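Remarks on the overall topology
Each chain, letter by letter, is given below.
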Amino acid sequence: MREFLRKVVGIDPEKCAPEYRVGYPGKQRTLDLSHNVILYLDDISVSFDGFKALNKLTLAIDAGELRCIIGPNGAGKTTMMDVITGKTRPDSGTAFFGQSIDLTRLSEPEIAHAGIGRKFQKPTIFQQHSVFENLELAMKTDKRVRRSLLARLRDEERDRVADTLRQIRLDTEAERPAGLLARPEAVAGNRHAAGAGAAASAARRTGRRHDRR
Amino acid sequence: MEKSFTLRVLKSLNRKSWLALGLFLAVTLVVVPVLHLLVPPENAFHVSAYAITLFGKIMCYAIVAIAMDLIWGYGGILSLGHGLFFALGGYAFGMYLMRQIGRDGSYQSDLPDFMVFLDWKKLPWYWSGSDSLWWVAFLVIVVPAIVAFIFGYFAFRSRIKGVYFSIITQALTYAAMLLFFRNETGFGGNNGFTDFKRILGYSITSPDMRLVLFGLTALMLAATLVFARWLVTSKFGRVLTAIRDAESRVMFIGYNPLWYKLFAWVISAILCGIAGALYVPQVGIINPSEMSPANSIEIAIWVAVGGRGTLIGPVIGASVVNLAKSWFTVSFPEYWLFFLGLLFILVTLLLPHGLVGLWKTLRQSRGPRT
Ligand SMILES: Nc1ncnc2c1ncn2[C@@H]1O[C@H](COP(=O)(O)OP(=O)(O)OP(=O)(O)O)[C@@H](O)[C@H]1O
Ligand SMILES: [Mg+2]
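In this convention, every chain numbers its residues from 1, walking through the sequence in written order. Each chain is given a letter, starting from A, and each ligand a number, starting from 1, according to the order in which they appear as written. Only residues with pLDDT of at least 70 are given local features in this predicted model, and only at 80 or more are side-chain atom pairs given and counted; all residues enter the totals for whole chains, interfaces and linings. Only hydrogens and water are set aside; all other atoms, that is, all heavy atoms of the structure, feed into the side-chain values.

**Thoughts on the coordination of the magnesium ion (ligand 2)**
Residues and elements named next belong to chain A. Each metal site is built from N, O and S donor atoms within 2.8 Å (3.2 Å for Na, K and Ca), and since water is not included, such sites may look incomplete. Thr78 (OG1) and Gln121 (OE1) make up the full set of protein donors to the magnesium ion (ligand 2), lying at 1.8 to 2.2 Å. Residue threonine 78 is found in helix H3 (residues 77-85), and its partner glutamine 121 is found in the loop between strand E7 (117-118) and helix H5 (131-138); the two are separated by 43 residues along the sequence. Residue exposure (1.4 Å probe, protein chains only): buried if accessible area is under 20% of the type maximum, exposed if over 50%, otherwise partly exposed. Classification of threonine 78 as partly exposed rests on a relative accessible area of 27%. A run of DSSP states H or I qualifies as a helix once it reaches four residues; a run of E qualifies as a strand once it reaches two. Both are numbered from the N-terminal end.

Dropping the structure here:
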């Protein structure tokens, strides 16, 4: 199980608890895991025009735990992910990351900085950007306007992207537009493109949720 | 870490682009002045005052087109209200030009003629300081920036996108036009500002002044190109195009699109304001029609014709469309708008990447030379 987590999902369980650092370099803080619960949804309800997509959902996930959410189409899996990542605000209920981060009060980018990454049901990549740039944009760093205007990629950041590229075996494709990898007729290319999306989130390294069909 | 900032700006253009830019500046700053001042009008090589004004005007439009392309071509935000920022810059500088008329107006008053006509006894508060070139230069930048910031902040924070955003920008410029049409607003009503006489005491109609304004516009266009190139090749530019292509993904990897869009939007507005300020002394008039919705739509057409998402495209688009316009409005004035509409439809249907895209396709089909 530990091997699976480390190799496939990219989480090192030993690194998760008890010291779990979130936020971008320089502004990191330790996630409060005092009750060993990393994600706690309590009594969450979401309705769309009267239709209850989530009805009093309660879910607790421990640090280092891997949980898969399954269910038929329309069960509300994506809606749950949307609540966790800030895209949808629940009508009622609470969602906490660790003991202290209230997810229902944060915006999408703030939640991403808190350490929750997300992969989409429909693979999304920045098609016009090169494979390298896709990883560069996803990498954990200061993502404010000023930094992106003035700072350039540091050597260690370049190395991190290069490492990830090797890991997902796209190092030879680094400079190609990512959109070209996903051409339907190129079956292998397709897998690679999905890989680029996964790798983009892999670069983030922290408490990721996978949402796939 | 920031030590090689200049170097990075230098490296954002390749050698060929720097050469082209150098050539452009040599022509506009040396060749044109020589041909205008030293070659006699009978000579075929003489550059007329008409030509200088026309090309000066087109360069102002080119700056606006680049500004438009930054947010539309790179940011995916279609503004149909950019004429407003252009006009605000123009009006701000126009205030200075009105003050420079001094007592040479028809009423020989210290106040601009239209204020005398309205029986105003003193300048309204927002005209104070308008006799200082520096204060007005400051206003040229700050007024469009503030208007753009306030509007952009609320629009982007409310996540207004696509066609809804475009329509609101049309409404914004239209509302501003109605405001400026009113005499009580204090900007000359529907006549606007005209009959300018001087800048810094020098006659505005002298050949020297004409060349100075022309040269400043050329410098500003070159600077805009270099700046825009640096911006779109920085990480900021990559985030901006990523927002254009997949905004929600950008948010989920931790960027707040609000500030990225707002920064590009305000920069774009400032560039338009500067272009407007350079435009007004060259054409000699500014009135509320610059804020008409159709004017702003025309800006989008320049960019579409030239090619979105490239920097040379908008310059080419603004030049081609406006040269065609100045020919049309002399030969068949009543058909210009039909032609413009037709052009827009044809470009949208046949040339999604504009003239630059066409050029690239032609070069590729002639066989790639590696
Ligand atoms: N924005 C929305 N507006 C209205 N209804 C919505 C919206 N988003 C989701 N729904 C509805 O809420 C229900 C739950 O949808 P959700 O996408 O969460 O299901 P899912 O479990 O992810 O399904 P699938 O397995 O098909 O991906 C569905 O009935 C869906 O039609
Ligand atoms: Mg789903």
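**Regarding the pairing of strand E4 (residues 51-62) of chain A**
Residue and element names in this part refer to chain A. Whether two strands pair comes down to DSSP finding at least two bridges between them. Bridge count for strand E3 (residues 37-48) against E4 is 8 bridges, and the pairing is antiparallel. Following the sheet pairing, isoleucine 44 is matched in E4 by leucine 57. From the end of E3 to the start of E4, which pair antiparallel, there are 2 residues, and aspartate 49 there has a positive phi angle of about 50 degrees.

**Describing the interface of chain A and chain B**
The contact criterion used is simple: two residues touch if any of their non-hydrogen atoms lie within 4.5 Å. With 31 residues of chain A in contact, the opposing surface of chain B contributes 30 residues. Roughly 2900 Å² is buried in total at the junction of chain A and chain B, and carbon and sulfur atoms are behind 63% of that figure. Take a side-chain nitrogen of Lys or Arg and a carboxyl oxygen of Asp or Glu: if they are within 4 Å of each other, that pair is a salt bridge. There are 2 salt bridges connecting chain A and chain B. A:Glu136 is the partner of B:Arg238 in a salt bridge, and the nearest nitrogen-oxygen pair spans 2.9 Å. N or O atoms within 3.5 Å of each other form a polar contact, as long as, within protein, one can give a hydrogen and the other can take it, and as long as residues adjacent in sequence are counted only when both atoms are side-chain atoms. Counting across the chain A and chain B interface gives 12 residue pairs in polar contact (both at pLDDT 80 or more). Among the secondary structure elements, those contributing two or more residues to the side of chain A that touches chain B are helix H4 (108-114), H5, helix H6 (145-150) and helix H9 (187-202) of chain A. Gly falls in the polar group here, along with every residue not listed as nonpolar (Ala, Val, Leu, Ile, Met, Phe, Trp, Tyr, Cys, Pro) or charged (Asp, Glu, Lys, Arg). Its residues assigned to classes, the side of chain A that touches chain B comprises 12 nonpolar, 8 polar and 11 charged. Once two parts are joined, some of their accessible surface, as seen by a 1.4 Å probe, is lost; buried area is that loss totalled over both.

**Details of a nonpolar patch on the surface**
Residue and element names in this part refer to chain B. Patch definition: residues with relative accessible area over 30% and no salt bridge; like charges joined within 9 Å; nonpolar side chains (Val, Leu, Ile, Met, Phe, Trp, Tyr) joined within 5 Å. Areas reported as accessible are Shrake-Rupley estimates using a 1.4 Å probe. Residue values count occlusion only from the protein chains shown. Side chains of Leu23, Val27, Leu29, Val30, Val31, Val34, Leu37, Leu38, Val212, Leu216 and Leu219 sit close together on the surface and give an oily, nonpolar patch of about 940 Å² of accessible area. Looking at the nonpolar patch, the elements that each hand over two or more residues are helix H2 (15-37) and helix H8 (207-233). Top contributing element to the nonpolar patch by residue count: H2, with 7 residues. Summarising the element assignment, leucine 219 is placed in helix H8.

**Thoughts on the packing of aromatic side chains**
Residues and elements named next belong to chain B. A pair of aromatic rings is counted whenever rings of Phe, Tyr or Trp (Trp by its six-membered ring) have centres within 6.5 Å, and the orientation is called stacked for planes under 30 degrees apart, edge-to-face for over 60 and tilted otherwise. Counting across every chain of the model gives 38 aromatic pairs over all chains. Where phenylalanine 151 meets phenylalanine 165, the ring centres are 5.8 Å apart and the plane angle is 55 degrees; that geometry is what we call tilted. Highlighted residues: phenylalanine 151 in helix H6 (residues 133-157) and phenylalanine 165 in helix H7 (residues 162-181), separated in sequence by 14 residues. The exposure class of phenylalanine 151 is buried, given its relative accessible area of 14%. Since its relative accessible area comes to 2%, phenylalanine 165 is described here as buried. Ring centres of phenylalanine 236 and phenylalanine 263 lie 5.2 Å apart, and the angle between their planes is 70 degrees; this geometry places the pair in the edge-to-face category. Placement of phenylalanine 236 in helix H9 (residues 235-245) and of phenylalanine 263 in helix H11 (residues 257-283) is noted, with a sequence separation of 27 residues between them. Here phenylalanine 236 falls in the buried class, since its relative accessible area comes to 0%. A connected cluster of aromatic rings, assembled from ring pairs, spans Tyr91, Phe114, Trp125, Tyr126, Trp127, Phe180, Phe187 and Phe193. Two conditions define a charge located above a ring, namely a distance within 6 Å from the ring centre to NZ of Lys or CZ of Arg, and an angle within 35 degrees of the ring normal. Lying over the aromatic face of tryptophan 72, arginine 308 brings its terminal NZ or CZ to 4.5 Å of the ring centre.

**Topic: the site of ligand 1**
All names here are of chain A. One heavy atom suffices: a residue is near a molecule or strand as soon as one of its heavy atoms comes within 4 Å of it. As a structural note, the neighbourhood of ligand 1 is formed by Phe48, Phe51, Ala53, Pro72, Asn73, Gly74, Ala75, Gly76, Lys77, Thr78, Thr79 and Gln121. Asparagine 73 has a polar side-chain atom sitting 3.1 Å from an oxygen atom of ligand 1. Protein burial of ligand 1: of its 640 Å² of free accessible surface, 61% is covered by the chains. Secondary structure elements with two or more residues in the shell around ligand 1: E4 and H3. With 3 residues, H3 is the single largest residue contributor to the shell around ligand 1.

**Considering helix H4 (residues 82-100) of chain B**
Residue and element names in this part refer to chain B. Multiplying 1.5 Å by the residue count of a helix minus one yields the expected span of that helix. Compared with the 27 Å implied by 1.5 Å per residue over 19 residues, the 28 Å span of H4 between its first and last C-alpha is a close match. Of all the 19 residues making up H4, 18 are buried; the element is thus mostly covered by neighbouring parts of the structure. Just downstream of H4 lies glycine 102, where phi reads positive at about 60 degrees.

**Describing unusual backbone geometry**
With a phi angle near 65 degrees, A:Asn36 is a residue other than glycine that sits in the positive phi range. Along the chain, the position of A:Asn36 falls in the loop between strand E2 (29-30) and E3. Given a relative accessible area of 36%, A:Asn36 falls into the partly exposed group. Phi is positive for B:Asp195, close to 60 degrees, though the residue is something other than glycine. Following the sequence through the fold, B:Asp195 ends up in the loop between strand E1 (193-194) and strand E2 (198-199). Of the residues examined, B:Asp195 reaches a relative accessible area of 54% and is grouped as exposed.

**Section: the nonpolar core**
Grouping buried Ala, Val, Leu, Ile, Met, Phe, Trp, Tyr and Cys residues that are joined through side-chain atoms within 4.5 Å yields what is termed a nonpolar core. If you look at the biggest cluster of nonpolar residues, it comprises 118 residues, and the most contacted ones within it are B:Phe193 and B:Trp265. In terms of residues, this core owes the most to one element, H11(B), which gives 17 residues. The residues contacting B:Phe193, other than those within four sequence positions of it, are B:Tyr91, B:Gly94, B:Met95, B:Met98, B:Phe114, B:Trp127, B:Phe187, B:Gly188, B:Gly284, B:Ile285 and B:Ile286. Core analysis: the second largest hydrophobic core is formed by 22 residues, A:Leu33, A:Met80, A:Ala95 and A:Ile111 among them.

**Digging into the sheet that holds E3(A)**
All names here are of chain A. Pairing is antiparallel across the open sheet formed by 4 strands, whose spatial order is E4-E3-E5-E6. Since the sheet does not close on itself, it has two edges, and those belong to E4 and strand E6 (101-102), each with one partner. Axis definition: a line fit to C-alpha positions, over the contact stretch in the case of helices; interaxial angles, taken between N-to-C directions, run 0 to 180 degrees. Each of E3 and E4 touches H3; the most contacted strand, E3, lies at about 120 degrees to it.

**Describing the layout of surface pockets**
All names here are of chain B. Only protein atoms enter the calculation, which uses a 1 Å grid: trapped sets of points that fit a 1.4 Å probe without letting it out are cavities, open sets showing protein on both sides within 12 Å along at least five of seven lines are pockets, and any residue with an atom within 4 Å of a point is a lining residue. Grid points are joined across faces, edges and corners, and a volume is the space filled by probe spheres set on the points. What the second largest pocket holds in volume is close to 1200 Å³. Ser17, Ala20, Leu311, Ile312 and Ile316 are the residues nearest the centre of the second largest pocket, which is lined by 39 residues in total. Counting residues per element, the ones that place at least two in the lining of the second largest pocket are H2, helix H3 (49-74), H8, helix H13 (312-331) and helix H15 (354-365). When grouped by side-chain class, the residues that make up the lining of the second largest pocket number 24 nonpolar, 9 polar and 6 charged.

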